[in-house]
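Reading the structure
What follows is each chain in one-letter form.
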Amino acid sequence: MVYGHSDGGRPQVVDPVTLKILVAGGFGAGKTTLVGAVSEIKPLRTEELLTEAGRPVDDLAGVEGKRTTTVAMDFGRITLREDLVLYLFGTPGQDRFWFLWDELSTGALGAVVLADTRRLQDCFAAVDYFERRGIAFTVAVNCFDRAPRYPEETVRDALDLDPGTPVVLCDARQRESVKEVLISVVEHAMMVSATKR
């Protein structure tokens, strides 16, 4: 509950609007980091150590230092305004866990597709998933240290995005950067929703 003021100056209880946002993208794109950087609660993480058994299916090219992987979801919460709370659900990146996406996407207002320019092809599946289901999304290019940087239009062309789909640069480790991404998602999703009425 959030407390606001009525016109008479007396406090009144204001139930905040809660919105569900998915955070998707390829393996190692920074989804767990993004949720953790912005969550105002201790994020729920379902990470497990990478093992030798997974080596044949987990492509570590470009993310050789990665030691863990999300096997179900990440969960976090952020209050953007006193009357607006976002629940963040990070999806697992490997295709063997994609069966969870349908369950996680139920009731979602929108999504972040987190992209890594070193492995841009890894976010194609997420872009396709949200386009096919009509879920509004923003592509957030995670600016890793020493990763190639490209202009927004180059990323847009490489992903073959619709002209209205936002593309933003971000640092998934930085709270303020992630907040800007989430604001972009909410604004875009609300605009798409309004045009469907």
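Further up the page is the structure itself.
Quick summary incoming for the structure in this document. (Residues numbered from 1 in each chain as written. Predicted model: local features only at pLDDT ≥ 70, side-chain atom pairs only at ≥ 80, totals over all residues. Heavy atoms only, no water.)

A few points about the pairing of strand β7 (residues 110-115)
Rule in force here: Three exposure classes are used, based on accessible area relative to the maximum for each residue type with a 1.4 Å probe and protein chains only: buried under 20%, partly exposed in between, and exposed over 50%. Counting from the N terminus, the helices are the DSSP runs of H or I reaching at least four residues and the strands are the DSSP runs of E reaching at least two. A pair of strands is treated as paired once DSSP finds two or more bridges between them. A clockwise path from the first strand over the helix to the second, with the strands pointing away from the viewer, defines a right-handed crossover.
β7 sits mainly inside the fold: 6 of its 6 residues count as buried. Along β7, one buried face is formed by G110, V112 and L114 and the opposite face, lined by A111, V113 and A115, is buried too. Summarising the sheet, strand β3 (residues 17-25) and β7 pair through 5 bridges and their orientation is parallel. Looking at the pairing, V23 lines up with V112 of β7. Judged from the 6 bridges that link them, β7 and strand β8 (residues 136-142) form a sheet pairing that is parallel. Looking across to β8, one finds that A111 is bridged to F137. Chirality of the crossover, the property in question, places the unit of β7, helix α3 (residues 124-133) and β8 among those that are right-handed.

Some words on the packing of aromatic side chains
Test applied: By convention, a stacked pair of Phe, Tyr or Trp rings (six-membered ring in the case of Trp) has centres within 6.5 Å and planes under 30 degrees apart, an edge-to-face pair has planes over 60 apart, and any other such pair is tilted. The criterion is that NZ of a Lys, or CZ of an Arg, lies within 6 Å of the ring centre and within 35 degrees of the ring normal, and then a charge sits over that ring.
Under the defined criterion, the tally for this structure stands at 4 aromatic pairs. Aromatic side chains Y129 and F130 sit 5.3 Å apart centroid to centroid with 90 degrees between the ring planes, which places their arrangement in the edge-to-face category. You can call Y129 buried: its relative accessible area is 9%. Positioned over the ring face of F89 is K20, at 4.8 Å from the centre of the ring.

What to know about the environment of F130
Stated precisely, the cut-off is as follows: Residues are treated as being in contact if the distance between any of their heavy atoms lies within 4.5 Å.
Structurally, F130 can be placed in helix α3. A relative accessible area of 1% means that F130 is categorised as buried. Sequence separation between F130 and A24 is 106 residues; the distance between their C-alpha atoms is 9.7 Å. Those residues in contact with F130 that lie beyond four places of it in its chain are L22, A24, A111, V113, I135 and F137.

Some words on the pairing of β3
With respect to burial, β3 is a largely interior element, 7 of its 9 residues being buried. By the bridge criterion, 7 bridges tie β3 to strand β6 (residues 84-90) in an arrangement that is parallel. What sits directly across from V23, in β6, is G90.

Details of the pattern of salt bridges
Using the following cut-off: A pair is scored as a salt bridge if a Lys or Arg side-chain nitrogen falls within 4 Å of a carboxyl oxygen belonging to Asp or Glu.
All told, the structure shown has 10 salt bridges when counted by the stated rule. Note that D122 and R119 form a salt bridge whose closest N and O atoms lie 2.9 Å from each other. Classification of D122 as partly exposed rests on a relative accessible area of 25%. Between R156 and E153 there is a salt bridge, and its shortest N-O distance comes to 3.5 Å. Within this pair, R156 and its partner E153 are both found in helix α4 (residues 152-159), separated by 3 residues, close to a single helical turn.

Digging into helix α1 (residues 31-38)
Most of α1 sits inside the fold, with 6 of its 8 residues counted as buried. Among the residues of α1, K31, T32, L34, V35, A37 and V38 are the ones counted as buried.

Regarding the nonpolar core
Threshold: Nonpolar cores are built from buried Ala, Val, Leu, Ile, Met, Phe, Trp, Tyr and Cys residues. Side-chain atoms within 4.5 Å join them into one set.
By size, the foremost hydrophobic cluster in this structure holds 24 residues, and its most contacted members are L22, V113, F130, F137, V139, L159 and L161. Looking at this core, the elements that each hand over two or more residues are β3, α2 (99-105), β7, α3, β8 and α4. When residues in this core are grouped by element, the largest group, 4 residues, is from α3.

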